[in-house]
Amino acid sequence: MADGQLDVLVKNVRVVRPNTTTVETMDVGIKDGKFAEIAPNIAADSANEVIDGKGLLAFPGLVDAHTHPGIYAPLVEDAPTESRAAAMGGVTTMLAYFRTGQYYLNKAGSYKDFFPEVLEISDGRYYVDYSYHLAPISPSHIGEMEMLATEMGVPSFKIFMFYGGYGLHGKSNQQHKFLMIEEDEKYDFAHFEFIMREASRLIKAYPEIADTISVSLHCEVADILNAYTSIVQKEGKLDGLHAYSQARPPHSEGLAVWIASYLAYETDCVNINLLHLSSRKALEAAMMMQQIFPHINFRREVTVGHLLLDVDNTNVYAKVNPPIRPREDVEFLWQAVLDRQVHWIVSDHACCSEELKVSPTDKDNIWLAKSGFGGTEWLLSGVFSEGSKRGMTYNHMAEMLSWNPAQRYGLFNKGDIAVGYDADLVLLDPSETFVVHGADSPSGQGYTPFEGQELTGKVKSTLVRGNLVYHNGAMQGDPIGQFQKRPVGK
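Residues numbered from 1 in each chain as written. Predicted model: local features only at pLDDT ≥ 70, side-chain atom pairs only at ≥ 80, totals over all residues. Heavy atoms only, no water.

### Some words on the overall build of the protein chain
And step 1. When helices and strands are counted, the protein chain shows 15 helices and 17 strands.
And step 2. Its C-alpha atoms give the protein chain a radius of gyration of 22 Å, near enough to 23 Å, the size a compact globule of 490 residues would have.
And step 3. Along the three orthogonal principal directions, the C-alpha set of the protein chain runs to about 70 × 50 × 45 Å.
And step 4. Counting over 490 residues, the protein chain shows a buried share of 62%.
And step 5. In the protein chain, of all internal contacts separated by at least 6 residues, the share reaching a separation of at least 24 is 77%.
And step 6. When the accessible area of the protein chain is evaluated, it comes to approximately 17,700 Å², of which 49% is carbon and sulfur surface.
And step 7. Charged side chains of the protein chain number 42 positive and 62 negative; the gap between the two group centres comes to 3 Å. (Helix = DSSP H or I, 4+ residues; strand = E, 2+ residues; numbered from the N terminus. Rg over C-alpha atoms; globule rule 2.2 N^0.38 Å. Buried < 20%, exposed > 50% of the residue type's maximum accessible area, 1.4 Å probe, protein only. Contact = heavy atoms within 4.5 Å. Areas by Shrake-Rupley, 256 points an atom, 1.4 Å probe, with all protein chains shown as cover. Lys, Arg positive; Asp, Glu negative; His and termini not counted. Charge placed at Lys NZ, Arg CZ, Asp CG, Glu CD.)

So, in structure tokens, the structure goes:
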């Protein structure tokens, strides 16, 4: 090193980089929280600390671009436990969706007041780096998008397309109360249009950050959900995840994708993220929209839950929006991943304790169960295990789990193992097979819908900016996560 001693040297690892086709055995030198030297046979005495990589695979730290800390438990409790779970899964940066209304902070009001409180609670509690996406819920929030993007470092915004007419867990006629908006305010297609128009204006007004300003959409249409929920409940022929999948049918996702895409075209909002696409119909709709509107920079997301679970192999603990689907949908999603028609894979981690998840008097009732579950702790292992079986390359995994989401969301200091990038590193044993048990996770959830699955590829160590935060099944040290004010590192 020309400029002095390395802080940490990780020796003898097989470096997995995105956007390449090889995996080379290297040593990785870290200084001041950045990758400083990547080369074979770096002298051990050039570093203050040496970690023996033992020939393990070294992935860039995962950017889990879709998480929900604080949704079911106070953020002050969720941030530590769920970021520990993230570190266990190889995640070094969590991007968290947050909003006003019920759940989260259970508050309405302006983001000028709301978001600083979120940051204050977050400070010193995350074990991995973190940032936030925010949802403009009330009309007044649209006027705050410029401030959030240019001053607060939050240039990514979310729309929940079903919220205006359907509940978080099922049918509801209390959506104004749930969203904490006035009776004369609407959370509807017009509201979504105006969000996109403002995002489009900001993209044009701020060319230096234009690529990082985006709108993400949960694509389901409330009218379809309400109608099919009534049909499924009235017929009473299905239960569990079969019933929930039919009550929120795939064509509701597909229709929402078409509506969202046309609104993007109408408003010239060119950066659109279609979240957690769960079905063949949804993904096919998304690909059709890309052909119809080639100038829109669509990004397509799937979750590890929708890749590892189906309606036949799990129970009500896997209730989530959009639902877990039949096996044929799962296989279609995997083929789309392999064909590079999906841009990134996330956990959609939403810790929901068993006491909250299911009804104490009717634990198997899907209609009474809460939506969402954790999974960030199995993200890398799940994708590695199932992806390897299907011929997915390690480099492609690094693109899907690290590089692509980092680039989209303005984390230009993340997502690669290269000189100058944050020294976020995950060491994975590709040959170690283990059985998933919820009790092994540091999450506050206590169970997992992945219980009993056998996965091959286990995370052994996770480093955040060169700091060892997880090693051989145990957390290391105190929370060191830092808020990533985006864009960063470009």
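### Section: the packing of aromatic side chains
And step 1. For the coordinates displayed, the defined rule picks out 30 aromatic pairs.
And step 2. Ring geometry for F160 against Y163: centres 4.3 Å apart, planes inclined by 10°, an arrangement best described as stacked. Accessibility assignment for this pair places F160 and Y163 in one class, buried.
And step 3. Ring geometry for Y163 and F178: centres 5.1 Å apart, planes at 90°, overall edge-to-face. Placement of Y163 in the loop between strand 9 (156-160) and helix 5 (175-179) and of F178 in helix 5 is noted, with a sequence separation of 15 residues between them.
And step 4. On the basis of relative accessible area, Y163 is assigned to the buried category, the value being 3%.
And step 5. Owing to a relative accessible area of 6%, F178 belongs among the buried residues under this scheme.
And step 6. Counting every residue linked through ring pairs, the aromatic cluster contains Y72, Y103, F160, F162, Y163, Y166, F178, Y187, F189 and F192.
And step 7. Above the plane of the ring of F160 lies R99, whose end atom (NZ or CZ) is 6.0 Å from the centre.
And step 8. Lying over the aromatic face of Y97, K158 brings its terminal NZ or CZ to 4.4 Å of the ring centre. (Phe/Tyr/Trp six-rings, centres within 6.5 Å; stacked < 30°, edge-to-face > 60°. Lys NZ or Arg CZ within 6 Å of the ring centre and 35° of its normal.)

### Remarks on a nonpolar patch on the surface
And step 1. A grouping of W258, M288 and I292 is seen on the molecular surface, where their side chains present a nonpolar patch of about 280 Å² in accessible area.
And step 2. Its place among the elements puts W258 in helix 9 (residues 250-267).
And step 3. For W258, a relative accessible area of 38% puts it in the partly exposed group. (Patch = residues over 30% accessible without salt bridge, like charges linked within 9 Å, V, L, I, M, F, W, Y side chains within 5 Å. Salt bridge = Lys/Arg side-chain N within 4 Å of Asp/Glu carboxyl O.)

### Quick look at the nonpolar core
Proteins that are soluble and globular tend to have nonpolar side chains buried together.
And step 1. Formed by 132 residues in total, the largest nonpolar core has its most connected members in F59, I272 and I345.
And step 2. Beyond its immediate chain neighbours, meaning those up to four positions away, I272 contacts M196, V215, L217, A264, I296, N297, F298, R299 and R408.
And step 3. Core analysis: the next-biggest nonpolar cluster, separate from the first, contains 19 residues, V13, M26, A418 and A423 among them. (Core = buried A, V, L, I, M, F, W, Y, C linked by side-chain atoms within 4.5 Å.)

### Thoughts on empty space enclosed by the protein
And step 1. Evaluation of the coordinates by the stated rule reveals three cavities of 30 Å³ or more.
And step 2. For the largest cavity, the calculated volume is near 190 Å³.
And step 3. Across the lining of the largest cavity, the residue classes tally to nine nonpolar, seven polar and two charged.
And step 4. Taken as a whole, the second largest cavity holds about 60 Å³ of empty space.
And step 5. Lining the second largest cavity, in full, are G374, G375, E377, W378, G438, S441, S443, Q445, G446, Y447 and T448.
And step 6. A class-by-class count of the residues in the lining of the second largest cavity yields two nonpolar, eight polar and one charged. (1 Å grid on protein atoms, 1.4 Å probe; cavity = no way out; pocket = protein on both sides within 12 Å on 5 of 7 lines; lining within 4 Å. Points joined across faces, edges and corners; volume = space filled by probe spheres on them. Nonpolar A, V, L, I, M, F, W, Y, C, P; charged D, E, K, R; others polar.)

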